[in-house]
Amino acid sequence: MKIRFEPFGVSGQVKQNTTVLQAAIEFGVKIESFCAGRGTCGKCKVIASEGLSAPTVMELKKLTEEELRKGYRLACQAVITSDVVVTVPEESRIAQINILAEGMAQGSVQMEPWVRRHILRVPAATLQNQVADLQNVMRTWNEHHGGELKFTLSALRQLPFALRERDGHIALVLADDQVVHIEAGDGPEHILGIAFDIGTTTVVGYLMDLESGERLAVSSLLNPQTRYGADVVSRILFSIENESGLQILQHEILEALNKIIANTTHAAGVAPENIYGMTVVGNTTMYHLFLGISPAALGRMPYVPAVSATLCLTAKDLGIAIHPEAHIWVLPNIAGWVGADTVGVILATDLPNHEDTALAIDIGTNGEMVMGSRRRLVACSTAAGPAFEGAHLSCGMRAAEGAIDAVSIDGDVRWHTIGESAPKGICGSGLVDLVAEMLRAGIIDARGAMQDGQALRANGQGHLAERILQNGGQREFLLVSSTESAIGRPIKVTQRDVRELQLAKGAIRAGVQILMKELGIGPEEVRRVYLAGAFGNYIRPESALTIGLMPRFPNAKIVPVGNAAGAGARMALLSISARERAARIPDQVEYLELSGRPDFQEEFAEAMLF
Ligand code: FES
């Protein structure tokens, strides 16, 4: 059977019982699949008039009557029964999302690279002094530097040639205390390193010159594992439920890193073989998948990682396309749901040295937060659910072009989209803004209930009353009409969407409350709040406070720090002390498992209110 995907013109043969989503993955057609094919997110819509199995129960539940009439199907549910042409509508295509590469500069770190170049002038052996090449190099090294040197086998293979090419004038490239490369003369043109932040949704790589500390290039990609599920739970399940699931996910991420290496070295006009050091941060699941270690235990009680330690590997161990002997340092995890990315944030914000209490918070589908000072640091993670990433909302989408990312309601309703293009949906920061504005305008009350049009009219808000719609027993707020939207349908926020946001913000707020309780402090004692990650960067702090995502901290400065996890990875690349500090962080931070705390549910119930 043959399938063709329009408007891409991609086609191929498929076996029996293949779903449209499976075929899309096979032929590289990118379709949103937040729930990894469980039929629950409704984001994998495609259009086909024939050639597919009858709609499943999930499709009847997720698609409107009108959509079914127009031939809309869920790609993960529809099985191909004969030759078929499938159209992937704009809203279902995985868009190029806004990836946050910028963040804190790693200016606070002193250059102290653990990859270095050393030039030696080794005297030639003579008949009277028949010393082996290696011994000769060691002797010269000891005269100038002292200390033990280790050599990789490939460096030893380079030694006899390099030594004789320029009369003993050689360059050694050391990663930690190991010689990983030997060359005649002054050695390679550049000594480079690359730092990676592997996020569930995005992957960012920073190519650095390890001699000048200069950032040469940055490149980012959507994490290709996204097609197997939008969040870590879907990926864990994929790795368990599919025979080669773990290998597929590892292969995808390694390919993405290699692509970023190719992009950055190309942009900087340098050779990938000149990269001798690499650092990696990511959440605990990404850490496992990157290494090809099963993350299965993270998905069930008591949520423990298989491995949490700081690891040093080589590029050839993993098939990373840099110098094969390059050292790859993977920063450690703190717990099953607080990973090396949080270690990166802690390192970059220097929390273990804060005199006053600070809070660092990174919000995605999970909210990781760390609070404290140099005296004591506590961390926790709450399942914020998908609302902040735009998934599972009726008109939600990632922070990509066309996503409404800011809203204001003052007399009229105004919105702003990423890329200033016609709106396609609403992303997390847009939803926070919208709900904050709806609260201010009295469209929703403190319990999150949407008012009816009559109540608004009685309040003299007739223009807003017109935007309240009733659909299948629930109220909706019309944000963008079908004529203004890019998807030919109106963009609305339903009562259920508001509830999703309440769940998400309730979880984050409750986490913050528990951290304060654990430290025995009130909000007035917090002096700094670091908002990390894309969401923290784009969200308007005032809107976050209006919806009660965080308590009001009267004495705190709110500092958006962008991709602080990436900044931490760069620091660990440029400085051995920073890398060692990162390795100690898991011992300095107490992890609080919220599911084990009876007071979490109470805090959560309270925090759901606006
Ligand atoms: S409904 Fe198909 S991937 Fe979620």
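Our structure's up above, just so we're on the same page.
What you see is a predicted model; the values in this text were computed from it and never measured.

Visitor: Mind showing me how you'd approach the side chain of Thr19 here?
Guide: With respect to the helices and strands, the residue Thr19 is situated in the loop between strand E2 (10-13) and helix H1 (20-26). Sequence-distant contacts of Thr19, defined by excluding residues within four places in its chain, comprise Ala75, Cys76, Ala78, Val79 and Ile80.

Visitor: Even after reading the chapter, I still don't get the packing of helix H14 (residues 495-519) against helix H19 (residues 598-607), so can you show me in this structure?
Guide: Describing two packed helices takes the angle between their axes plus the distance from one axis to the other. It is the contact of H14 with H19, at a shortest axis distance of 8 Å, that shows an interaxial angle of 130°. Taken together, H14 and H19 sit at an angle that is classed as oblique. The way H14 lies across H19 gives a crossing that is right-handed. On H19, the residues that touch Leu503, Lys505, Gly506, Ala507, Arg509, Ala510, Gly511, Gln513, Ile514 and Lys517 of H14 are Asp599, Phe600, Glu603, Phe604 and Ala607.

Visitor: What should I look at first to understand the nonpolar core in this one?
Guide: Generally speaking, a soluble globular protein has its nonpolar side chains buried in company with each other. Counting residues in hydrophobic clusters, the biggest one holds 66 residues, and the most contacted among them are Leu359, Phe388, Ile409, Ile443 and Phe477. The element best represented in this core is H14, accounting for ten residues. Structurally, this core is a two-domain feature, drawing no fewer than three residues from each of domain 4 (340-386 + 501-607) and domain 5 (390-494). Residues contacting Phe477, with those up to four places away along its chain left out, are Ile409, Val413, Leu434, Met438, Ile443, Met450, Leu464, Arg467, Ile468, Ile491, Lys492 and Val493. By size, the runner-up hydrophobic cluster in this structure holds 46 residues, among which are Ala195, Met208, Trp329 and Val370.

Visitor: Sorry if this is basic, but what is going on with the sheet that holds strand E19 (residues 403-410) here?
Guide: Strand pairing within a sheet occurs via backbone hydrogen bonds; the two strands may be parallel or antiparallel. The strand order across the open sheet formed by three strands is E20-E19-E21, and the pairing between neighbours is mixed. Two strands in the sheet have a free side with no partner beyond their single neighbour: strand E20 (412-417) and strand E21 (425-426). As paired strands, E19 and E21 are joined by two bridges and run parallel to one another. Pairing of Ala403 across the sheet is with Gly425, part of E21. Of the strands in this sheet, E19 and E21 are in contact with helix H11 (residues 428-440), which crosses E19 at around 15°.

Visitor: In this structure, what is going on with the pairing of strand E9 (residues 178-184)? I would like to understand it.
Guide: When a strand is regular, its side chains alternate between the sheet's two faces. For E9, a buried count of six out of seven residues is recorded, marking the element as mostly surrounded by other parts of the structure. Two strands pair when backbone bridges link them, and strand E8 (residues 169-175) and E9 are joined in this way by six bridges, in the antiparallel orientation. Paired with Leu174 across the two strands is Val179, which belongs to E9. Once E8 ends, the chain turns through two residues before running back antiparallel as E9, passing Asp176 with a positive phi of about 55°.

Visitor: Just checking my understanding: could you explain the environment of Ala532 for this structure?
Guide: Position of Ala532 relative to the elements: it lies in strand E25 (residues 526-532). For the pair Ala532 and Ile361, spaced 171 residues apart in sequence, the C-alpha to C-alpha distance is 5.9 Å. Those residues in contact with Ala532 that sit more than four places away from it in its chain are Val345, Ile361, Asp362, Ile363, Val561, Gly562 and Ala564.

Visitor: I keep staring at the layout of surface pockets and nothing clicks. Help me out?
Guide: Once rolled over the atoms, a probe with the size of a water molecule shows which space is left empty. Quantified by volume, the largest pocket comes out at close to 1,400 Å³. The wall of the largest pocket is formed by 43 residues, among which Lys45, Lys62, Thr64, Ser394 and Arg489 lie closest to the centre. Broken down by secondary-structure element, the contributors of at least two residues to the lining of the largest pocket are helix H2 (57-62), helix H3 (65-69), strand E23 (474-480), strand E24 (491-494) and H14. Considering each element in turn, the lining of the largest pocket owes the most residues, three residues, to H14.

Visitor: Please explain a nonpolar patch on the surface as it appears in this structure.
Guide: Where nonpolar side chains cluster on the molecular surface, the patch consists of Leu134, Leu153 and Leu156 and spans about 240 Å² of accessible area. Mapped onto the secondary structure, Leu156 falls in helix H5 (residues 153-165).

Visitor: What's the story with the pattern of salt bridges in this structure? I'm lost.
Guide: A side chain of one charge can pair with a side chain of the opposite charge when the charged atoms of the two come close. Within the structure shown, the criterion is met by 30 salt bridges. For Asp599, the salt bridge identified is with Lys517, shortest N-O distance 3.0 Å. Taken as a pair, Asp599 in helix H19 and Lys517 in helix H14 lie far apart in primary sequence, 82 residues in all. On the accessibility criterion, Lys517 (44% relative accessible area) is partly exposed. Asp599 is paired through a salt bridge with Arg597; the nearest N and O atoms lie 3.0 Å apart. Asp599 gets classed as buried once you look at its relative accessible area, which sits at 12%. Taken together, the shared-partner salt bridges connect Arg376, Lys517, Glu518, Glu590, Arg597, Asp599 and Glu603 into one network.

Definitions and limits used
- Residues numbered from 1 in each chain as written.
- Predicted model: local features only at pLDDT ≥ 70, side-chain atom pairs only at ≥ 80, totals over all residues.
- Heavy atoms only, no water.
- Helix = DSSP H or I, 4+ residues; strand = E, 2+ residues; numbered from the N terminus.
- Contact = heavy atoms within 4.5 Å.
- Axes fitted to C-alpha atoms, helices over the stretch in contact; angles between N-to-C directions.
- Parallel < 35°, antiparallel > 145°, perpendicular 65-115°, else oblique.
- Left-handed = near helix turned anticlockwise from the far one by under 90°.
- Core = buried A, V, L, I, M, F, W, Y, C linked by side-chain atoms within 4.5 Å.
- Buried < 20%, exposed > 50% of the residue type's maximum accessible area, 1.4 Å probe, protein only.
- Domains from an automatic or database assignment.
- Pairing = 2+ DSSP bridges.
- 1 Å grid on protein atoms, 1.4 Å probe; cavity = no way out; pocket = protein on both sides within 12 Å on 5 of 7 lines; lining within 4 Å.
- Points joined across faces, edges and corners; volume = space filled by probe spheres on them.
- Patch = residues over 30% accessible without salt bridge, like charges linked within 9 Å, V, L, I, M, F, W, Y side chains within 5 Å.
- Areas by Shrake-Rupley, 256 points an atom, 1.4 Å probe, with all protein chains shown as cover.
- Salt bridge = Lys/Arg side-chain N within 4 Å of Asp/Glu carboxyl O.

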